Amino acid sequence: MSFGIWEGKIFTDIDQLGRKEWEEFRANRFTYRKHGGENYTDVVTRLKPFVERILRIHDGKEILIVGHRAANRMLIAMLVEYPLQEALRIDQGHDCVYVIERNGEVKVFHHFNGEMREGLLLEGGMVSL
(Lines give C-alpha, C1' and ligand atoms only; values in the text may rest on other atoms or scores of the structure.)
Protein backbone atom coordinates (compact mmCIF):
# COMPACT_ATOMS: atom_id res chain seq x y z
CA MET A 1 0.00 0.00 0.00
CA SER A 2 1.44 3.34 -0.96
CA PHE A 3 1.49 5.91 1.81
CA GLY A 4 2.42 8.74 -0.55
CA ILE A 5 4.07 11.68 1.22
CA TRP A 6 4.21 9.64 4.45
CA GLU A 7 6.24 6.85 2.84
CA GLY A 8 9.30 6.02 4.94
CA LYS A 9 8.42 8.43 7.75
CA ILE A 10 7.70 7.70 11.38
CA PHE A 11 4.64 9.21 13.03
CA THR A 12 6.67 11.69 15.11
CA ASP A 13 8.05 13.20 11.86
CA ILE A 14 4.57 14.14 10.65
CA ASP A 15 3.49 17.75 11.33
CA GLN A 16 0.08 18.78 12.72
CA LEU A 17 -1.48 19.06 9.26
CA GLY A 18 -0.21 15.58 8.43
CA ARG A 19 -1.59 14.20 11.69
CA LYS A 20 -5.02 15.61 10.86
CA GLU A 21 -4.79 13.92 7.46
CA TRP A 22 -3.73 10.67 9.18
CA GLU A 23 -6.83 10.81 11.40
CA GLU A 24 -8.99 11.36 8.30
CA PHE A 25 -7.45 8.29 6.71
CA ARG A 26 -7.93 6.18 9.85
CA ALA A 27 -11.62 7.18 9.98
CA ASN A 28 -12.23 6.50 6.26
CA ARG A 29 -9.63 3.98 5.08
CA PHE A 30 -11.64 2.84 2.05
CA THR A 31 -12.42 6.31 0.70
CA TYR A 32 -9.85 8.82 1.98
CA ARG A 33 -6.79 9.00 -0.27
CA LYS A 34 -3.62 10.27 1.32
CA HIS A 35 -1.68 12.86 -0.69
CA GLY A 36 0.13 10.82 -3.32
CA GLY A 37 -0.94 7.53 -1.71
CA GLU A 38 -3.64 4.89 -1.81
CA ASN A 39 -6.75 4.05 0.16
CA TYR A 40 -7.97 0.47 0.65
CA THR A 41 -10.31 0.70 -2.36
CA ASP A 42 -7.24 1.50 -4.49
CA VAL A 43 -5.42 -1.52 -3.05
CA VAL A 44 -8.35 -3.84 -3.85
CA THR A 45 -8.57 -2.41 -7.40
CA ARG A 46 -4.84 -3.02 -7.88
CA LEU A 47 -4.95 -6.55 -6.40
CA LYS A 48 -8.09 -7.82 -8.16
CA PRO A 49 -6.44 -8.54 -11.55
CA PHE A 50 -3.54 -10.25 -9.74
CA VAL A 51 -5.90 -12.54 -7.79
CA GLU A 52 -7.92 -13.41 -10.90
CA ARG A 53 -4.77 -14.10 -12.93
CA ILE A 54 -2.99 -16.16 -10.28
CA LEU A 55 -6.07 -18.31 -9.64
CA ARG A 56 -6.61 -18.84 -13.36
CA ILE A 57 -2.99 -19.69 -14.21
CA HIS A 58 -2.47 -21.97 -11.20
CA ASP A 59 -5.93 -23.54 -10.99
CA GLY A 60 -5.83 -26.66 -8.83
CA LYS A 61 -2.27 -26.02 -7.66
CA GLU A 62 -0.82 -24.82 -4.38
CA ILE A 63 0.17 -21.15 -4.41
CA LEU A 64 2.33 -19.19 -1.98
CA ILE A 65 1.69 -15.45 -1.79
CA VAL A 66 3.88 -13.26 0.40
CA GLY A 67 2.94 -9.65 1.01
CA HIS A 68 2.52 -6.90 3.53
CA ARG A 69 -0.21 -6.37 6.09
CA ALA A 70 -2.58 -4.04 4.20
CA ALA A 71 -2.43 -6.01 0.96
CA ASN A 72 -2.59 -9.35 2.79
CA ARG A 73 -5.77 -8.38 4.61
CA MET A 74 -7.45 -7.48 1.33
CA LEU A 75 -6.12 -10.61 -0.42
CA ILE A 76 -7.38 -12.89 2.34
CA ALA A 77 -10.81 -11.24 2.30
CA MET A 78 -11.03 -11.52 -1.49
CA LEU A 79 -9.96 -15.18 -1.49
CA VAL A 80 -12.40 -16.27 1.23
CA GLU A 81 -15.17 -13.88 0.14
CA TYR A 82 -15.12 -12.07 3.48
CA PRO A 83 -16.63 -8.53 3.49
CA LEU A 84 -13.89 -6.08 2.49
CA GLN A 85 -15.09 -3.47 5.01
CA GLU A 86 -14.50 -6.08 7.75
CA ALA A 87 -11.09 -7.11 6.39
CA LEU A 88 -9.33 -4.47 8.46
CA ARG A 89 -10.09 -6.61 11.51
CA ILE A 90 -8.08 -9.54 10.13
CA ASP A 91 -5.02 -10.02 12.30
CA GLN A 92 -2.02 -10.16 10.01
CA GLY A 93 0.95 -9.89 12.30
CA HIS A 94 4.49 -10.82 11.27
CA ASP A 95 4.09 -14.23 12.90
CA CYS A 96 0.70 -15.20 11.44
CA VAL A 97 0.39 -17.37 8.31
CA TYR A 98 -2.88 -18.17 6.56
CA VAL A 99 -3.68 -21.31 4.58
CA ILE A 100 -6.68 -21.00 2.29
CA GLU A 101 -8.27 -23.99 0.59
CA ARG A 102 -10.54 -23.31 -2.38
CA ASN A 103 -11.54 -26.80 -3.52
CA GLY A 104 -15.21 -26.11 -4.13
CA GLU A 105 -15.67 -25.14 -0.50
CA VAL A 106 -13.55 -22.30 0.90
CA LYS A 107 -11.71 -23.09 4.12
CA VAL A 108 -9.23 -20.87 5.92
CA PHE A 109 -6.71 -21.79 8.59
CA HIS A 110 -4.27 -19.60 10.47
CA HIS A 111 -0.94 -20.59 11.99
CA PHE A 112 -0.15 -18.51 15.04
CA ASN A 113 1.97 -19.15 18.15
CA GLY A 114 2.94 -22.59 16.88
CA GLU A 115 -0.66 -23.77 16.40
CA MET A 116 -2.77 -24.27 13.27
CA ARG A 117 -6.47 -23.47 13.74
CA GLU A 118 -9.41 -23.17 11.40
CA GLY A 119 -10.90 -19.71 10.84
CA LEU A 120 -9.79 -16.12 10.43
CA LEU A 121 -7.85 -14.64 13.30
CA LEU A 122 -9.45 -11.28 13.98
CA GLU A 123 -8.40 -8.50 16.27
CA GLY A 124 -10.42 -9.28 19.36
CA GLY A 125 -11.38 -12.84 18.41
CA MET A 126 -11.70 -15.45 15.72
CA VAL A 127 -14.34 -16.31 13.12
CA SER A 128 -15.00 -19.55 11.26
CA LEU A 129 -16.27 -19.38 7.71
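Quick note: structure is the one above.
Presented here is an overview of the structure given in this document.

Criteria and cut-off values
- Counting from 1, residues in each chain are numbered in the order their sequence is written.
- Predicted model: local features are reported for residues with pLDDT of at least 70 only, side-chain atom pairs are reported and counted for 80 or more only, and whole-chain, interface and lining totals are derived from all residues.
- With hydrogens and water excluded, all non-hydrogen atoms of the structure serve as input to the side-chain values.
- Following DSSP output, two strands are said to pair if at least two bridges run between them.
- Here a strand is any run of E in DSSP of at least two residues, a helix any run of H or I of at least four, and the numbering for each starts at the N terminus.
- Throughout, an axis means a line fitted to C-alpha atoms (over the contacting stretch in the case of helices), and angles, computed between N-to-C directions, take values from 0 to 180 degrees.
- Whether two residues are in contact is decided by their heavy atoms: any pair within 4.5 Å suffices.
- Multiplying 1.5 Å by the helix residue count minus one yields the expected span of that helix.
- The buried label applies to any residue whose accessible area, calculated with a 1.4 Å probe on protein chains only, is under 20% of its type's maximum; exposed applies above 50%, and partly exposed to all values in between.

With respect to the sheet that holds strand 3 (residues 115–118)
Strand order in the open sheet made by the 3 strands is 1-2-3, with antiparallel pairing throughout. Two strands close off the open sheet at either side, each with one partner strand: strand 1 (97–103) and strand 3. Averaged over neighbouring strand pairs, the angle between their axes works out to 20° when direction is ignored. Helix 3 (residues 69–80) rests against strand 1 and strand 2 (105–112) of the sheet, and its axis sits at about 25° to strand 1.

Here we look at helix 3
End to end, helix 3 covers 16 Å across 12 residues, agreeing with the expected 16 Å (1.5 Å per residue, within 8%). Burial of helix 3 is extensive: 11 of the 12 residues sit out of reach of the surface. Where helix 3 is concerned, the buried positions are Ala70, Ala71, Asn72, Arg73, Met74, Leu75, Ile76, Ala77, Met78, Leu79 and Val80. For helix 3, the elements touching its buried residues are helix 2 (40–57), strand 1, strand 2 and strand 4 (120–122). Among the residues trailing helix 3, Glu81 stands out with phi positive, at a value near 55°.

Concerning unusual backbone geometry
Even without a glycine there, the phi angle at Glu81 is positive, about 55°. The residue Glu81 is located in the loop between helix 3 and strand 1 in this model. Glu81 gets classed as exposed once you look at its relative accessible area, which sits at 66%. With a phi close to 55°, Asn113 is a non-glycine residue in the positive phi region. Counting through the fold element by element, Asn113 comes out in the loop between strand 2 and strand 3.

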